[in-house]
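Tertiary structure, described
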Amino acid sequence: SSGINAEYGGVFQEKLFAKFGKKSDEVLFFSHLLGLPAFIVNYRALAETIVEFNSSDPVSILGFDLPFLWCCIIVNVLLQSLGIKCIFYLLSEWSSLAVTMVTTLRKFVSLLLSIYLFQNPFTLVHWVGTTLVFTGSALFSGIIPVPGGKDKKE
């Protein structure tokens, strides 16, 4: 269901960019700002997590002792911010289908790296997923012609 929501969101953003102009930073800001009130529902769990993070072992960075888990969160937020900023930029320049293809391939590469780095087994389900990703990528890029589809050269 998250994939369907992402697709709907991508198409919706594509329509907004067409109507109001390509303002990816503005869309990025408001899409995150409007989601913040949803965290109120889990305020107790958030408070417990903050206490847990504050009590993690300290790490010295640039002369400051910071709890290790907060360092992990900071690195994660910075990398996620860079990634989502790139995705919103792509959405403002490319079709939502092309962006979906890029993000699917990125997730696929992340999965393969995870399997390799953490030495997890590559199961039949992974092989099926690999086949679907490569087939979808080949169909999208025109390497495999779509029966009854338009020729991309037209």
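In the block above lies the structure referred to throughout.
Conventions used here
- Residues numbered from 1 in each chain as written.
- Predicted model: local features only at pLDDT ≥ 70, side-chain atom pairs only at ≥ 80, totals over all residues.
- Heavy atoms only, no water.
- Helix = DSSP H or I, 4+ residues; strand = E, 2+ residues; numbered from the N terminus.
- Rg over C-alpha atoms; globule rule 2.2 N^0.38 Å.
- Buried < 20%, exposed > 50% of the residue type's maximum accessible area, 1.4 Å probe, protein only.
- Axes fitted to C-alpha atoms, helices over the stretch in contact; angles between N-to-C directions.
- Parallel < 35°, antiparallel > 145°, perpendicular 65-115°, else oblique.
- Left-handed = near helix turned anticlockwise from the far one by under 90°.
- Contact = heavy atoms within 4.5 Å.
- Nonpolar A, V, L, I, M, F, W, Y, C, P; charged D, E, K, R; others polar.
- Core = buried A, V, L, I, M, F, W, Y, C linked by side-chain atoms within 4.5 Å.
- Pairing = 2+ DSSP bridges.
- Phe/Tyr/Trp six-rings, centres within 6.5 Å; stacked < 30°, edge-to-face > 60°.

**What to know about the overall build of the protein**
When you go through the protein residue by residue, the secondary structure sums to six helices and two strands. A compact globule built from 154 residues should have a C-alpha radius of gyration of about 15 Å, whereas the protein, at 20 Å, is more than 25% larger. Referenced to the eigenvectors of the C-alpha coordinate spread, the extents of the protein come out at roughly 60 × 45 × 35 Å. With 154 residues in all, the protein has 17% of them scored as buried.

**Description of the packing of helix H4 (residues 68–93) against helix H5 (residues 96–117)**
Running from amino to carboxyl end, H4 crosses H5 at an angle of 150°, the nearest separation of the two axes being 8 Å. By the criterion of interaxial angle, the relationship of H4 to H5 is roughly antiparallel. Note that H4 runs across H5; the crossing there is right-handed. Taking contact as the criterion, the partners of Ile87, Leu90 and Leu91 in H4 are, on H5, Ser96, Val99, Val102 and Thr103. Considering only residue class, the contact of H4 with H5 consists of five nonpolar, two polar and no charged.

**Re the nonpolar core**
Among the nonpolar cores identified, the biggest contains seven residues, and these are Phe17, Val27, Leu28, Phe88, Leu90, Leu91 and Val99. Mapped onto this core, the elements with two or more residues apiece are helix H2 (24–33) and H4. Sort the elements by how many residues they give to this core and H4 lands first, with three residues. Beyond its immediate sequence surroundings of up to four residues, Val27 is in contact with Gln13, Phe17 and Phe88.

**Quick word on the pairing of strand E1 (residues 58–61)**
Bridge analysis of E1 against strand E2 (residues 64–67) gives four bridges, and the strand direction is antiparallel. Counterpart to Val59 in the pairing with E2 is Leu66.

**A short note on the environment of Thr104**
Positionally, Thr104 belongs in helix H5. For Thr104, a relative accessible area of 32% puts it in the partly exposed group. Taking the C-alpha atoms as reference points, Thr104 and Val133, separated by 29 residues in sequence, lie 7.6 Å from one another.

**Considering the packing of aromatic side chains**
As enumerated under the stated definition, the model contains three aromatic pairs in all. Summarising the aromatic geometry, the rings of Phe53 and Trp70 are spaced 5.3 Å apart at their centres and angled 70° between planes, so their arrangement reads as edge-to-face. Of this pair, Phe53 sits in helix H3 (residues 43–54) while Trp70 is found in helix H4, placing the two residues 17 residues apart along the sequence. Residue Phe53 is classed as buried on the basis of its relative accessible area of 15%. Judged by relative accessible area, which is 28%, Trp70 ranks as partly exposed.

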